[in-house]
Amino acid sequence: LAVLLQQNAPNQALFGEEGGVLALLTATSYYKRREPQALEEAELVENMYDCLCSALHAPANQTLFLKAEGIELMILTLKERRFAAQGALRALSASLARNGANCERFVDIRGFKTLFPLVGAAPPPPPAAAGGGIDLLGLEDALPAPAAALALAPGASLDPAVFQQQWGALPTADSWQHRTSLSVPLEQLSARFGTRHVKTMAFGTVGDASKFYFFAREAGAADTLLLCELVVTRSTGVAAATIKATAPAPVPLFSSLVRELLSS
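An account of the accompanying structure is given in this report. (Residues numbered from 1 in each chain as written. Predicted model: local features only at pLDDT ≥ 70, side-chain atom pairs only at ≥ 80, totals over all residues. Heavy atoms only, no water.)

Here's the deal with the environment of Glu 35
Phase 1 of the analysis: Of note, Glu 35 is situated in the loop between α3 (20–29) and α4 (39–55).
Phase 2 of the analysis: In this structure, the C-alpha to C-alpha distance between Glu 35 and Arg 82, residues 47 residues apart in sequence, is 6.6 Å.
Phase 3 of the analysis: Apart from residues lying up to four places away in sequence, Glu 35 is in contact with Arg 82, Phe 83, Glu 187, Gln 188 and Phe 203. (Helix = DSSP H or I, 4+ residues; strand = E, 2+ residues; numbered from the N terminus. Contact = heavy atoms within 4.5 Å.)

Here is the structure:
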C-alpha cells in the first residue's frame, strides 16, 4: 500500500474516497501509548505512517484528516513520546503543508506547546573575551576551529530491504560500548533519536537486552547513509554500538551524536 500511494495522485485520491484516511488513523491510534513488541510489528507501524504521509499529499485527504481529528491524534501521540511519535511528527508535517485550515487548527489546539520541547533550546552564545579587547597578538588565529556539527536530512527514508542489504554489505566503521545515563525510558529512545533526525528502522526487546537499528542521511549528501545497531543491556545500562556508513567522513561525528543521545 505504501508503494502504491507514493507519488501517485490517482491512488491517493481513491484511497481517501474509500475511507483509507480514517482507517489509518484508527490503526495508528492503537500505538499512541503502546510500543511494538517485535521487529515485524515496528515495521508495520512505520509502513502505516508511510501510507498516511503519502496520502496526505492530496489536499482532499488533508481535509479528511482534519475532519477526523487527525491533528489532535498526532499531537497526543507526540506527547507520549513512544515509538509512534516519529511517524506522528512526519504525518503532522504532511498534513500542514500548504493547507491554511490545518495550520489554523494546529495553532488553535496549542500544537506549538507540544512541538517546541521536541526541538530543544538554542545553545547559549559563546562567552565574550575578557575585557572585550582586540586580539593584537593574533593568538586567536592559532586556536583550532570548533568542530563542525553533523547536519542530517530531516526527511530521510529507507526501505527495510535496502537497510538489510547495506548492513550486510558494509564493513564496520566504528564500534564502542557506553554506559547510558538517560533521563527517559528506553521505550522512548526512538522518539529521542528522531528529534535529531536519526530514524528508527526497527527495535525489540528479548530478555534483558533491547536492540535498536537506526539510520540517517547526511544533509546535502543523499548518497551518504549512516547505519547504527545499538544493543542496550537493561540491567547494567551498558550500550554496545556498531556503526556502518557508505562514506567514512561523517562517522566520527555520527558516533559522537549517538553517544550524546545516550548520555542525557
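That shown, we press on.
Details of the sheet that holds strand β4 (residues 225–233)
Phase 1 of the analysis: An order of β1-β5-β4-β3-β2 is seen for the 5 strands of this open sheet, with the pairing classed as antiparallel. With one partner strand each, in any of the chains shown, β1 (174–179) and β2 (199–206) form the two edges of the open sheet. Between one strand axis and the next, the sheet turns through 15° on average, direction left out of account.
Phase 2 of the analysis: Across 6 bridges, β1 lies against strand β5 (residues 238–245) in antiparallel orientation. Counterpart to Gln 177 in the pairing with β5 is Ala 240.
Phase 3 of the analysis: Contacts from helix α10 (residues 160–169) reach β2, β3 (209–217), β4 and β5 within the one sheet, and its direction differs from that of β4 by about 85°. (Pairing = 2+ DSSP bridges. Axes fitted to C-alpha atoms, helices over the stretch in contact; angles between N-to-C directions.)

Here's the deal with the packing of helix α7 (residues 85–96) against helix α8 (residues 100–108)
Phase 1 of the analysis: α8 packs onto α7 with a crossing angle of 130° between their chain directions and a minimal axis gap of 8 Å. Relative to α8, α7 is oriented oblique. Contacts between α7 and α8 involve Leu 92, Ser 95 and Leu 96 on the former and, on the latter, Asn 102, Cys 103 and Phe 106.
Phase 2 of the analysis: Residue classes in the contact of α7 with α8 are distributed as 4 nonpolar, 2 polar and no charged. (Parallel < 35°, antiparallel > 145°, perpendicular 65-115°, else oblique. Nonpolar A, V, L, I, M, F, W, Y, C, P; charged D, E, K, R; others polar.)

Remarks on α7
Phase 1 of the analysis: Over its 12 residues, α7 runs 17 Å from end to end, which matches the ideal 16 Å to within 8%, given 1.5 Å per residue.
Phase 2 of the analysis: Among the residues making up α7, those that are buried are Ala 85, Gln 86, Gly 87, Ala 88, Ala 91, Leu 92, Ala 94, Ser 95 and Leu 96.
Phase 3 of the analysis: Looking at the buried side of α7, the elements it contacts are α4, α5 (59–67), α6 (70–80), α8, α11 (189–194) and β2. (Expected span 1.5 Å × (residues − 1). Buried < 20%, exposed > 50% of the residue type's maximum accessible area, 1.4 Å probe, protein only.)

Quick notes on the packing of aromatic side chains
Phase 1 of the analysis: For the structure shown, the criterion picks out 10 aromatic pairs.
Phase 2 of the analysis: Ring centres of Phe 163 and Trp 167 lie 6.1 Å apart, and the angle between their planes is 5°; this geometry places the pair in the stacked category. Residue Phe 163 and its partner Trp 167 are located together in helix α10, separated by 4 residues, close to a single helical turn. A single burial state applies to Phe 163 and to Trp 167, both of which are buried.
Phase 3 of the analysis: Relative to Tyr 213, the ring of Trp 167 lies with its centre 5.8 Å away and its plane at 85°, an arrangement referred to as edge-to-face. Pair noted here: Trp 167 is in helix α10 and Tyr 213 is in strand β3, with a separation of 46 residues, a long-range link.
Phase 4 of the analysis: By the ring-pair criterion, three or more aromatic residues cluster together here, those being Phe 83, Phe 193, Phe 203, Phe 212 and Phe 214.
Phase 5 of the analysis: When the ring centre of Tyr 30 is taken as origin, the NZ or CZ atom of Arg 34, which lies over that ring, is 4.1 Å away.
Phase 6 of the analysis: Taking NZ or CZ as reference, Arg 259 lies 4.1 Å from the ring centre of Trp 176, over its face. (Phe/Tyr/Trp six-rings, centres within 6.5 Å; stacked < 30°, edge-to-face > 60°. Lys NZ or Arg CZ within 6 Å of the ring centre and 35° of its normal.)

Side note on the side chain of Gln 86
Phase 1 of the analysis: In this structure, Gln 86 sits in helix α7.
Phase 2 of the analysis: When neighbours within four sequence positions are excluded, Gln 86 is seen to be in contact with Ser 190, Gly 194, Val 198, Lys 199 and Thr 200.

Some details on the nonpolar core
Phase 1 of the analysis: Counting 58 residues, the largest nonpolar core has Leu 52, Met 74, Phe 193, Leu 230 and Phe 254 as the members making the most contacts within it.
Phase 2 of the analysis: When residues no more than four places from it in sequence are discounted, the contact partners of Leu 230 are Leu 189, Phe 193, Ser 210, Lys 211, Phe 212, Phe 214, Ala 239, Ala 240, Ala 241 and Leu 262.
Phase 3 of the analysis: Among the nonpolar cores identified, the runner-up in size contains 11 residues, and Ala 153, Leu 158, Met 201 and Leu 225 belong to it. (Core = buried A, V, L, I, M, F, W, Y, C linked by side-chain atoms within 4.5 Å.)

Topic: α8
Phase 1 of the analysis: With a side-chain oxygen lying 3.3 Å from the backbone nitrogen of Ala 101, the N-terminal cap of α8 falls on Asn 99.
Phase 2 of the analysis: Positive phi appears at Arg 110, one or two residues downstream of α8, with a value of about 60°. (Polar contact = N/O pair within 3.5 Å; in protein donor to acceptor, adjacent residues only side chain to side chain.)

With respect to the pattern of salt bridges
Phase 1 of the analysis: One pass over the full model with this rule turns up 7 salt bridges.
Phase 2 of the analysis: Residues Glu 46 and Arg 90 are paired through a salt bridge, measuring 3.6 Å at the closest nitrogen-oxygen approach. Here Glu 46, found in helix α4, pairs with Arg 90, found in helix α7; they are 44 residues apart in sequence, far enough to count as distant.
Phase 3 of the analysis: What makes Glu 46 buried here is its relative accessible area of 17%.
Phase 4 of the analysis: A salt bridge links Glu 72 to Arg 105, with the shortest nitrogen-to-oxygen separation between them at 2.6 Å. Of this pair, Glu 72 sits in helix α6 while Arg 105 sits in helix α8, and the two are 33 residues apart along the sequence.
Phase 5 of the analysis: Exposure remark for Glu 72: the relative accessible area of 16% places this residue in the buried category.
Phase 6 of the analysis: Connected through shared salt-bridge partners, Glu 46, Asp 50 and Arg 90 make up one network. (Salt bridge = Lys/Arg side-chain N within 4 Å of Asp/Glu carboxyl O.)

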